[in-house]
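# Understanding the architecture of this molecule
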Amino acid sequence: MRPRAAAAARWRWLLPLPVAAAAMQAPLGLGAVAEQVLFEAQHLGTSAGAVGAGHQFRTRAAAHAGRLRRHASRLRSEPTALSAAGLSSSAPMSFLERNASEHEAEPNQDCEMGEWAPWSECTKSCGTGQRSRARRILREQRGTGKPCDAGERMTGACNIMGCPSDCAWGTWGHWQGCSVTCGGGFRIRYRDILRNAGNGGRACAAEDAVGNDTCEPEPCSIDCEWSDWSPWSDCSKECGGGRAYRTRTKTGPFHGGLQCTGDSEESQECGTHACNSDCLWGEWSAFSECTKVCGGGLKERFRDKTQEQSGSGAHCLGNATDLETCNTHPCPKDCIWADWSDWDAACTVSCGHGATSRRREFQQPAENGGEKCKGNPVDYRSCNAFPCPINCDWMDWSPWGACSVTWEWGVHLRSRDKIVEMHGGAPCEGAMEETRPCCDNHCELSLTEGSASAAGPAVPTQAPPTTVAPTQAPLPPPPSPPADGRGPSASTAGPELPTEAPP
């Protein structure tokens, strides 16, 4: 189909059938005009069936009326095509001009839309589908009325949530220990959620995370058990002495349990009071333990009524409880040392390893048998541990030695040793050797010990005569020894030699 014929066919339903047929069969020049006529007619919207195709253009109907008349005039000038369709040349003109006149006189009218129909079913139940709804035009817009503000069909997304996924459990863990060792217990195990539910999927129930199973079904041994005692029966007598009874039952033993011990029935006296009897106290119980071990405490004892007052009998006097002081002796106190004093400033010696001391007193002496203080009240420590200085000291003199010569004058020699000073002590004073003059048998010289000088006598230059006796007097006695007692000291020059031999 040619384009202009297609356009004419597209809008032919807007025109009366003869005009549309003429437009479809028109030659090239007329076809273009027919297409324009149909287009303008669509804008006019003269047909009530033109809903949805041309309603949005009818606001311009009056403006297009003149063009319709011109198009009708041209159609009239093409009688060949109109005649072929069995139409008169006046048909298009009458139709178009009539519609143009109607639109020129038509009043203004707003478009009115109907309510939206319900949404259609979504194309997907989850994961985002599509849905649509429609509405129709209740009243067309005319003249300069308000046009329709939206279309007649609407689409939208739906079920945009993700598709539901159910929760999934992981594998079970190991069974835990049994709750009992016998008699039937239970054990449990756990599992974790592998995947949580999503988008409304079935969630995992918390209780499904725990698995239970029975275990240790063997029965446990059950010991025999007594039931509670039944209440005491009524006394067989109201007064004057009777008996009341009570009983109990036992259950078991089972599966090797222990047997019950004791009796299933017991009795006691009752109604022992005389009719119209006085109240009587029983014996006191033993005293309880003292509340303190020393320093004064309390102990308590009890008694019960052995016979209640009845009738015109006397009531019990006194209390059912008795308190008494106990352990009133003072509590023992352990000895406690006070802090040590400072160390003494003075040492027992100035050198050679002495001692200094400190002392402490009793802060709390032991009392009433308390524990005595351990340790000493005095403490010592060493001081001045450096060595003391030692002065030099002479040893005793050795014996005098033999005379240095025979048959003439000589000297005797002696010596002594010393203990060397140490640690800063004073050195020794004096000589380590001494000499004194001597003469052998032929020299009848008598010298007292200690008369020689430290330097020794002068050696005689000539021996005394051995055959002739000296005529002069003997030599004078030697000088006295020194006062320090260290030994004799001789003159440094020695004794004066005789000029002649003694007689």
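The structure displayed is predicted, hence computed values, not measured ones.

### Observations concerning the overall build of the chain
For the chain, the helix and strand inventory stands at six helices and 24 strands. Here the contacts in the chain between residues at least 6 apart in sequence split such that 66% fall between residues at least 24 apart. For the chain, the accessible area works out to roughly 32,400 Å², and carbon and sulfur atoms hold 51% of it.

### Things to note about the state of the cysteines
Per the stated rule, a full pass over the model turns up 16 disulfides. A sulfur-sulfur separation of 1.9 Å characterises the disulfide bridge that pairs Cys126 with Cys163. Residues Cys126 and Cys163 share a disulfide whose torsion about the S-S bond is about 90 degrees; that sign makes it right-handed. On the criterion of sequence distance, the pair formed by Cys126 in the loop between β1 (112–113) and β2 (129–134) and Cys163 in the loop between β4 (153–158) and β5 (168–169) is long-range, its members being 37 residues apart. Among the residues examined, Cys163 registers a relative accessible area of 40% and is labelled partly exposed. The partner cysteine of Cys351 in its disulfide is Cys388, sulfur to sulfur 1.7 Å. A torsion of 110 degrees about the S-S bond marks the disulfide between Cys351 and Cys388 as right-handed. Taken together, the residues span a long stretch of sequence, with Cys351 in the loop between β17 (336–337) and β18 (354–359) and Cys388 in the loop between β20 (378–383) and β21 (393–394) at a distance of 37 residues. Owing to a relative accessible area of 13%, Cys351 belongs among the buried residues under this scheme. Judged by relative accessible area, which is 28%, Cys388 ranks as partly exposed.

### A few points about the pattern of salt bridges
Under the criterion given, the structure shown has 10 salt bridges. Between Arg358 and Asp379 there is a salt bridge; the shortest N-O distance is 3.2 Å. Taken together, the residues Arg358 in strand β18 and Asp379 in strand β20 connect sequence positions 21 residues apart. Relative accessible area serves as the criterion here: at 23%, Asp379 is assigned to the partly exposed category. For the salt bridge of Glu371 with Lys374, the shortest nitrogen-to-oxygen distance reads 3.5 Å.

### Regarding the side chain of Arg248
Structurally, Arg248 is set in the loop between β10 (242–247) and β11 (250–251). Of the side chains with opposite charge, Glu266 comes closest to the buried, unpaired Arg248, at an N-O distance of 6.6 Å. Among the polar contacts listed, one links the side chain of Arg248 to the backbone oxygen of Asp263, at a separation of 2.8 Å. Here Arg248 is in contact with Trp226, Ser227, Asp228, Trp229, Thr261, Gly262, Asp263 and Ser264, once residues within four sequence places are set aside.

### Observations regarding the environment of Leu413
Along the chain, Leu413 falls in strand β22 (residues 409–415). Judged by its relative accessible area of 41%, Leu413 falls in the partly exposed class. Sequence separation between Leu413 and Cys403 is 10 residues, and the spatial gap between their C-alpha atoms is 7.9 Å. Residue contacts for Leu413: discarding those within four places in its chain leaves Pro399, Trp400, Gly401, Glu433, Glu434 and Thr435.

### Thoughts on unusual backbone geometry
Generally, phi is negative for residues other than glycine and the peptide bonds are trans, each holding for most cases. Look at the link from Gly252 to Pro253: it is a cis peptide, with omega at 5 degrees. Mapped onto the elements, Pro253 comes out in the loop between β11 and β12 (265–270). Look at His255: it is not a glycine, yet its phi comes out positive at around 55 degrees. Looking at the element boundaries, His255 is found in the loop between β11 and β12. A relative accessible area of 53% means that His255 is categorised as exposed. Phi is positive for His423, which is not a glycine, with a value near 55 degrees.

### Topic: the packing of aromatic side chains
Summed over all chains, the structure comprises one aromatic pair. Arranged with centres 4.7 Å apart and planes meeting at 25 degrees, the rings of Trp337 and Phe362 form a pair that is stacked. Residue Trp337 is found in strand β17, and its partner Phe362 is found in strand β19 (residues 362–364); the two are separated by 25 residues along the sequence. On the basis of relative accessible area, Phe362 is assigned to the partly exposed category, the value being 49%. We note Lys305 situated over the ring of Trp281; from NZ or CZ to the ring centre the distance is 5.9 Å. Above the plane of the ring of Trp337 lies Arg360, whose end atom (NZ or CZ) is 4.0 Å from the centre.

### Examining the confidence of the model for the chain
For the chain, per-residue confidence averages 73 on the pLDDT scale, and residues scoring 70 or more make up 66% of the total. Element-level mean pLDDT values for the chain span from 41 in helix α1 (residues 3–10) up to 94 in strand β14 (residues 297–302). Here residues 1–35 is modelled with pLDDT under 50, and outside its nearest four sequence neighbours on either side it reaches 57 contacts, counting other chains as well. Long-range and interchain partners of residues 40–63, a stretch whose pLDDT sits below 50, account for 54 contacts in this model, where long-range means more than four residues apart.

### Concerning the environment of Ala157
Tracing the backbone through its elements, the reader meets Ala157 in strand β4. Here Ala157 falls in the partly exposed class, since its relative accessible area comes to 45%. If we ignore the near neighbours within four places in the chain, the residues touching Ala157 are Thr128, Gly129, Gln130 and Arg131.

### With respect to the environment of Gln109
Mapped onto the elements of the fold, Gln109 is located in the loop between α6 (91–105) and β1. Judged by relative accessible area, Gln109 falls into the partly exposed class, the value being 24%. With residues up to four places along the chain from it excluded, the contact list for Gln109 reads Arg139, Glu140, Gln141, Arg142, Gly145 and Lys146. Engagement of the side chain of Gln109 in a polar contact is seen with the backbone oxygen of Glu140, the distance being 2.6 Å.

Criteria and cut-off values
Residues numbered from 1 in each chain as written. Predicted model: local features only at pLDDT ≥ 70, side-chain atom pairs only at ≥ 80, totals over all residues. Heavy atoms only, no water. Helix = DSSP H or I, 4+ residues; strand = E, 2+ residues; numbered from the N terminus. Contact = heavy atoms within 4.5 Å. Areas by Shrake-Rupley, 256 points an atom, 1.4 Å probe, with all protein chains shown as cover. Disulfide = S-S within 2.5 Å. Buried < 20%, exposed > 50% of the residue type's maximum accessible area, 1.4 Å probe, protein only. Salt bridge = Lys/Arg side-chain N within 4 Å of Asp/Glu carboxyl O. Lys, Arg positive; Asp, Glu negative; His and termini not counted. Polar contact = N/O pair within 3.5 Å; in protein donor to acceptor, adjacent residues only side chain to side chain. Phe/Tyr/Trp six-rings, centres within 6.5 Å; stacked < 30°, edge-to-face > 60°. Lys NZ or Arg CZ within 6 Å of the ring centre and 35° of its normal. pLDDT = per-residue confidence, 0-100.

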